[in-house]
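Inside the fold
What follows is each chain in one-letter form.
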Amino acid sequence: MTFYMPVKVYDEKNCVLNHAGEIASFGTKALLVTGRSSAKKSGALDDVQNALSRFETSYCLFDEIEENPSVETIWKAYEYAKKEDVDFVIGIGGGSPLDASKAIAFLLDRKDASKEDLYNADLPADALPVIAIPTTCGTGSEVTGVSVLTVHEKKTKVSIPHKIFPKIALVDGKYLKSAPKSMIVSTAIDALAHMIESFESNKADDYSKAAVLEGLKIWGRSKDTLLNGLNEECFGDMMRASTFAGIAIAQTGTSIPHALSYILTYEDKIPHGMACGYFLKGYLQNADPSDRKQILDAAGFQSMEEFSAYMDQIFLDMHVKEETLQRAYEVVSQNKARLKGCRFFVDEEVLKKMVF
Ligand SMILES: [Fe+2]
């Protein structure tokens, strides 16, 4: 077994300000990478700017990372940051800014970088130091080496082959307070999908499963707030569960629900977490009974029926078109490696039961 998780995690209230000196110690000038709004609204950007100013470390801001960032946007940020002569990168936001910050840090560490370098697997994965601050509770990108970008020529999203782990992850539930409830629910369901899929991956081992079971316990104690109303405690729990889920998928990757979800997001614009979560019932129903019991027990569900009723409530207002499901089924049923990636047997018939 191999367990590689080289990220130092600070998970506490006000961790950005508490560890300002350490953040500032990574260089002389930081590139702050954000999307348009959540880094600002959540207060995370303010905290980072205050932390850096306190230690007289300068910074510049690139706040144009879009949802599912494209190679073109990464290149624009790289050209800007190169001129600014930065020597470390701080990603603040959801999965998109965090993934983007890794790719930008990779380009910035190269002399004469080109766009093609991003997908050149022969190059070493050296990068400027990255610090990651999540403001959503689903990505787990703060503890993974993964950076997924949109490649317009291929009309799809592709992970870059280089594993770029942040040096530090700063995990603070307070950054969820200003987020819309629908976003918190969707990203919390994404984290749940990461944990269940990781547990049922045939790459799962005792280390990754320990992260899943602890993460499910934390997720489970706040799960009812997703239905009944969010509170202070749930922000911290959901953020922490998402980080545990990230630690698990950094070891195992995701599985069939994620593979099925991409069509739902691409064609019907269903948010990523909801698109993955839609298939969790069918996925878990077909898992080995003893695995299923461990997952349900850890998350505080008495039975599969209770889990199904919970998920039905989460998905009360969501409808997926029959033809989209059919397309998702067709794409994944042809991907034999995906079907074989589970700890339990999946053929086209079993997949059908998960989808329809
Ligand atoms: Fe996900």
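Please read these numbers as outputs of a predicted model, since none were measured by experiment.

The next thing to look at is the sheet that holds strand 5 (residues 130–134). Pairing is parallel across the open sheet formed by 6 strands, whose spatial order is 1-8-5-4-2-3. Two strands close off the open sheet at either side, each with one partner strand: strand 1 (8–11) and strand 3 (58–62). Averaged over all pairs of adjacent strands, the angle between strand axes in this sheet comes to 20°, irrespective of strand direction. Relative to strand 8 (residues 168–171), strand 1 runs parallel, the two being bridged by 4 bridges. Note on strand 8: the bridge partner recorded for Asp 11 is Val 171. Running over the sheet, helix 4 (residues 44–54) touches strand 2 (29–33), strand 3, strand 4 (88–93) and strand 5 and is turned about 155° from strand 4. Packing against the sheet, helix 5 (residues 71–84) makes contact with strand 2 and strand 3, and its axis sits at approximately 155° to strand 3.

Taken together, the side chains of Met 1, Phe 3 and Tyr 207 define a hydrophobic patch exposed on the protein surface, amounting to about 360 Å² of accessible area. Take Phe 3: its relative accessible area is 37%, and that puts it in the partly exposed class.

The protein atoms donating to the iron ion are Asp 190 (OD), His 194 (NE2), His 258 (NE2) and His 272 (NE2), with metal-donor distances spanning 2.1 to 2.2 Å. If you look at the iron ion, its 4 donor atoms make angles of 83 to 171° with each other, and the shape they trace is irregular. Mapped onto the polypeptide sequence, the residues donating to the iron ion form the spacing pattern D-x3-H-x63-H-x13-H. In this pair, Asp 190 and His 194 are both assigned in helix 7 (residues 181–199), 4 residues apart and thus about one turn of the helix distant. For His 194, a relative accessible area of 4% gives the class buried.

This paragraph deals with the layout of surface pockets. To find leftover empty space, one rolls a probe the size of a water molecule over the atoms. When its volume is computed, the second largest pocket comes out at roughly 290 Å³. For the lining of the second largest pocket, the secondary-structure elements that each account for two or more residues are helix 7, helix 9 (223–228) and helix 15 (304–314). When residues of the lining of the second largest pocket are assigned to their parent elements, the largest contribution, 5 residues, is made by helix 7. For the lining of the second largest pocket, the per-class residue count stands at 10 nonpolar, 3 polar and 2 charged.

What follows deals with the pattern of salt bridges. Scanning all chains against the criterion turns up 18 salt bridges. With a closest N to O distance of 3.1 Å, Glu 348 and Lys 336 form a salt bridge. Of this pair, Glu 348 sits in helix 18 (residues 348–355) while Lys 336 sits in helix 17 (residues 336–340), placing them 12 residues apart in sequence. Judged by its relative accessible area of 38%, Glu 348 falls in the partly exposed class.

It is worth spelling out the domain arrangement of the chain at this point. Looking at the chain, the domain boundaries give domain 1 (8–174) and domain 2 (181–355). Residue-level contacts link 18 residues of domain 1 with 20 residues of domain 2. Note on domain 1 versus domain 2: buried area summed over both sides is about 1500 Å², and carbon and sulfur give 62% of it. For the domain 1 face of the interface with domain 2, the top three residues by lost area are Cys 137, Gly 138 and Gly 173, together amounting to 35%. Taking the shortest distance from any N to any O, the salt bridge between Glu 232 and Lys 13 comes out at 3.6 Å. Joining domain 1 to domain 2, the criterion identifies 5 residue pairs in polar contact (both at pLDDT 80 or more).

With that settled, consider the pairing of strand 5. In terms of burial, strand 5 is a largely internal element, 5 of the 5 residues being buried. Of the two faces of strand 5, both are covered, the one formed by Val 130, Ala 132 and Pro 134 as well as the one formed by Ile 131 and Ile 133. Once you follow strand 4 into helix 6 (residues 95–108) and on to strand 5, the crossover reads as right-handed. Taken together, the 2 bridges between strand 5 and strand 8 define a ladder with parallel strand orientation. The residue bridging Ile 131 from the neighbouring strand is Ile 168, located in strand 8.

Reading the values: rules and limits
- Residues numbered from 1 in each chain as written.
- Predicted model: local features only at pLDDT ≥ 70, side-chain atom pairs only at ≥ 80, totals over all residues.
- Heavy atoms only, no water.
- Pairing = 2+ DSSP bridges.
- Helix = DSSP H or I, 4+ residues; strand = E, 2+ residues; numbered from the N terminus.
- Axes fitted to C-alpha atoms, helices over the stretch in contact; angles between N-to-C directions.
- Contact = heavy atoms within 4.5 Å.
- Patch = residues over 30% accessible without salt bridge, like charges linked within 9 Å, V, L, I, M, F, W, Y side chains within 5 Å.
- Areas by Shrake-Rupley, 256 points an atom, 1.4 Å probe, with all protein chains shown as cover.
- Salt bridge = Lys/Arg side-chain N within 4 Å of Asp/Glu carboxyl O.
- Buried < 20%, exposed > 50% of the residue type's maximum accessible area, 1.4 Å probe, protein only.
- Donors = N, O, S within 2.8 Å, 3.2 Å for Na, K, Ca; no water.
- Tetrahedral: all angles 85-135°; square planar, octahedral: opposite > 155°, others 65-115°.
- 1 Å grid on protein atoms, 1.4 Å probe; cavity = no way out; pocket = protein on both sides within 12 Å on 5 of 7 lines; lining within 4 Å.
- Points joined across faces, edges and corners; volume = space filled by probe spheres on them.
- Nonpolar A, V, L, I, M, F, W, Y, C, P; charged D, E, K, R; others polar.
- Domains from an automatic or database assignment.
- Buried area = accessible area lost by both parts, 1.4 Å probe.
- Polar contact = N/O pair within 3.5 Å; in protein donor to acceptor, adjacent residues only side chain to side chain.
- Right-handed = clockwise from strand over helix to strand, strands pointing away.

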